[in-house]
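A look at the structure
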Amino acid sequence: MTDKALCAVVVERAYAKINLSLDVLGIRPDGYHDLRSVMQTISLHDTLTFQLGTSYITDGDAHPSDFALIDKAIAATCEAAGFEGHISYDIDKRIPVAAGLGGGSADAVAAIRGTCRLIAATRDHGDSEGGMVDLGLDLHAIAESLGSDVPYFLTGGTALVEGRGERVTPLDHAEEKRFVLVGTDLPVSTAAVFQELGDADWGDGHATDRVLDALKEGRVIFGGNDLTAAALRRFPGIREAFGVFGTGEPSDSIAMSGSGGTIVGCYETESEAEEAVATARKRMRWAITGESRRRDEPAFKG
Ligand code: C5P
């Protein structure tokens, strides 16, 4: 290994997602649910710094278990590549945890990318300046082993996600929108929301069809989220976040993301979004703005 590799530090951004739609089609023999969803990457991100070494340095405010998936992603990638060194990381955590924004999964994919880049450096493969280095690994299999929505983050941008979450079809990029994300501090367990689902909650895929039809016409809407009623029953505090927006009910421009509890409002202009976020901050523990992000945008701009 060269001295250059020993000193290598790689920085990766992990971008959050929101769900423009989420249909729950039914339960599968493996206990998971068949889903249909259009996901959209947004500008809100964590920043992870990876280097060769043994000590783990993590964000002071967060609980170590928040990062268990990063540890697993590093270990799975090292194992697949036959790499026996240790990789440490530091994280600047901005994406709220257990909030339906895929932060843990986005971090896991950033860890796969960062680990590949470090391994490539030890093998003098050069560096891809933030892209995915091709070590010939089955990245989809690694991602799928880490969690249902992890494969989406290998693709990012606007994408149709189906099955358990493993079938990801990239879509043309949606028109850029401003989003306002609002939440409580209440962590929402994805498993608990899925457990709460009853027959009446299941959909037929039409929420995603609505979004796909709108996208074809160049419009961005929220098509519906079949987890909303179950999440509100199990975690009634989420209703407070809905209440920040207009009618307080889901609509084409207001929706819960994933299994909640983040509620997202969609706006045309930055000034509309700034006004909405200022109102929300008076009432809620946190409110943030974000905008759509394309899969082909460079990780670091400017
Ligand atoms: O796969 P992951 O660990 O991210 O999923 C978290 C929980 O969400 C699972 O334990 C399961 O209860 C639920 N889930 C599901 N069907 C999916 C994805 C997740 O039932 N397609």
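To keep things clear, this report deals only with the structure shown in the data block. Numbering of residues starts from 1 in each chain and follows the order in which that chain's sequence is written. Per-residue local features are limited, in this predicted model, to residues with pLDDT of at least 70; the limit for side-chain atom pairs, both in listing and counting, is 80 or more; totals at the level of whole chains, interfaces and linings are taken over all residues. Think of the side-chain values as coming from all heavy atoms in the structure, minus any hydrogens and water.

**Topic: the overall build of the chain**
Only DSSP runs of H or I reaching four residues or more are called helices, and only runs of E reaching two or more are called strands; each is numbered from the N terminus. Scanning the chain from terminus to terminus reveals 10 helices and 10 strands. At 19 Å, the chain has a C-alpha radius of gyration in line with the 19 Å of a compact globule built from 302 residues. Oriented by its inertia axes, the alpha-carbon framework of the chain measures out at about 60 × 45 × 40 Å. Exposure is judged per residue with a 1.4 Å probe applied to protein chains only, and the accessible area is read against the type maximum: over 50% gives exposed, under 20% gives buried, and values in between give partly exposed. Of all 302 residues assigned to the chain, the portion counted as buried reaches 53%. Should any heavy atoms of two residues lie within 4.5 Å, those residues are counted as being in contact. Relative to all contacts within the chain whose residues are 6 or more apart in sequence, the contacts with residues 24 or more apart total 74%. Counting 29 positive and 47 negative side-chain charges, the chain places the averaged centre of each group 3 Å from the other. Values of the radius of gyration come from C-alpha atoms, whereas the globule rule sets the reference at 2.2 Å times the count of residues to the power 0.38. Within this scheme the basic residues Lys and Arg register as positive and the acidic residues Asp and Glu register as negative, but His and the chain ends are omitted. For charged residues, the charge sits on one atom: NZ in Lys, CZ in Arg, CG in Asp, CD in Glu.

**Observations regarding the packing of aromatic side chains**
Here a pair means two rings of Phe, Tyr or Trp (six-membered ring of Trp) with centres within 6.5 Å. Their orientation is stacked below 30 degrees between planes, edge-to-face above 60, and tilted elsewhere. In the structure shown here, the tally under the stated rule is three aromatic pairs. Ring centres of tyrosine 152 and phenylalanine 153 lie 5.0 Å apart, and the angle between their planes is 75 degrees; on these two criteria the pair is classed as edge-to-face. Pair check on accessibility: tyrosine 152 and phenylalanine 153 agree, each one buried. Just above the ring of phenylalanine 235 sits the side chain of arginine 234; from NZ or CZ to the centre is 5.0 Å. As a reminder, the over-ring test applies to NZ of lysine and CZ of arginine, requiring each to be within 6 Å of the ring centre and within 35 degrees of the ring normal. The ring of tyrosine 15 has arginine 293 sitting right over it, with the charged end atom 3.7 Å from the ring centre.

**Some words on the site of the ligand**
Throughout this document, a residue counts as near a molecule or strand when at least one of its heavy atoms sits within 4 Å of that molecule or strand. Around the ligand sit Tyr32, His33, Leu35, Gly147, Ser148, Arg164, Thr190, Ala191 and Phe194, and those are all the residues in its vicinity. Protein coverage of the free-state accessible area of the ligand, which is 450 Å², stands at 72%. Those elements giving two or more residues to the shell around the ligand turn out to be strand 2 (33-52) and helix 6 (190-196). By residue number, the principal contributor to the shell around the ligand is helix 6, which donates three residues. Each residue belonging to the shell around the ligand can be placed in one class, and the counts come to four nonpolar, four polar and one charged. Only the protein chains shown count as cover for residues, with accessible areas throughout obtained via the Shrake-Rupley method and a probe of 1.4 Å. Three categories are distinguished: nonpolar for Ala, Val, Leu, Ile, Met, Phe, Trp, Tyr, Cys and Pro, charged for Asp, Glu, Lys and Arg, and polar for the others, with Gly belonging to the last.

**So, the sheet that holds strand 8 (residues 254-256)**
Strand order in the open sheet made by the four strands is 8-9-6-10, with antiparallel pairing throughout. Two strands bound the open sheet, and with one partner strand each, they are strand 8 and strand 10 (286-291). Strand-to-strand, the axes of this sheet are offset by a mean angle of 25 degrees, without reference to chain direction. The criterion for strand pairing is that DSSP finds at least two bridges linking the strands in question. Note: strand 6 (residues 178-183) against strand 10, six bridges, orientation antiparallel. In the sheet register, valine 180 faces strand 10, and the bridge partner there is threonine 289. With axes taken as lines fitted to C-alpha atoms, and helix axes fitted only over the stretch in contact, angles between N-to-C directions fall between 0 and 180 degrees. Docked against the sheet, helix 10 (residues 270-283) engages strand 6, strand 9 (263-267) and strand 10, running at close to 165 degrees with respect to strand 10.

**Quick look at unusual backbone geometry**
Following glycine 260, the chain continues to glycine 261 via a peptide bond in cis, the omega torsion being -5 degrees. Here glycine 261 is to be found in the loop between strand 8 and strand 9. Located in the positive-phi region is alanine 98, a residue other than glycine, with phi close to 50 degrees. Along the chain, the position of alanine 98 falls in the loop between strand 3 (87-92) and helix 3 (103-122).

**Observations concerning the side chain of aspartate 46**
Turning to its location among the elements, aspartate 46 is positioned in strand 2. Within the structure, the side chain of aspartate 46 is placed 2.7 Å from the backbone nitrogen of arginine 94, a separation counted as a polar contact. Polar contacts, as counted here, are pairs of nitrogen or oxygen atoms within 3.5 Å of one another; within protein the pair requires one atom able to donate a hydrogen and one able to accept it, and residues that are adjacent in sequence qualify only if both atoms are side-chain atoms. Polar contacts involving the side chain of aspartate 46 include one to the main-chain amide nitrogen of isoleucine 95, which spans 2.8 Å. If sequence neighbours within four positions are ignored, aspartate 46 has contacts with Glu12, Arg13, Ala14, Ile91, Asp92, Lys93, Arg94, Ile95, Gly103 and Asp107.

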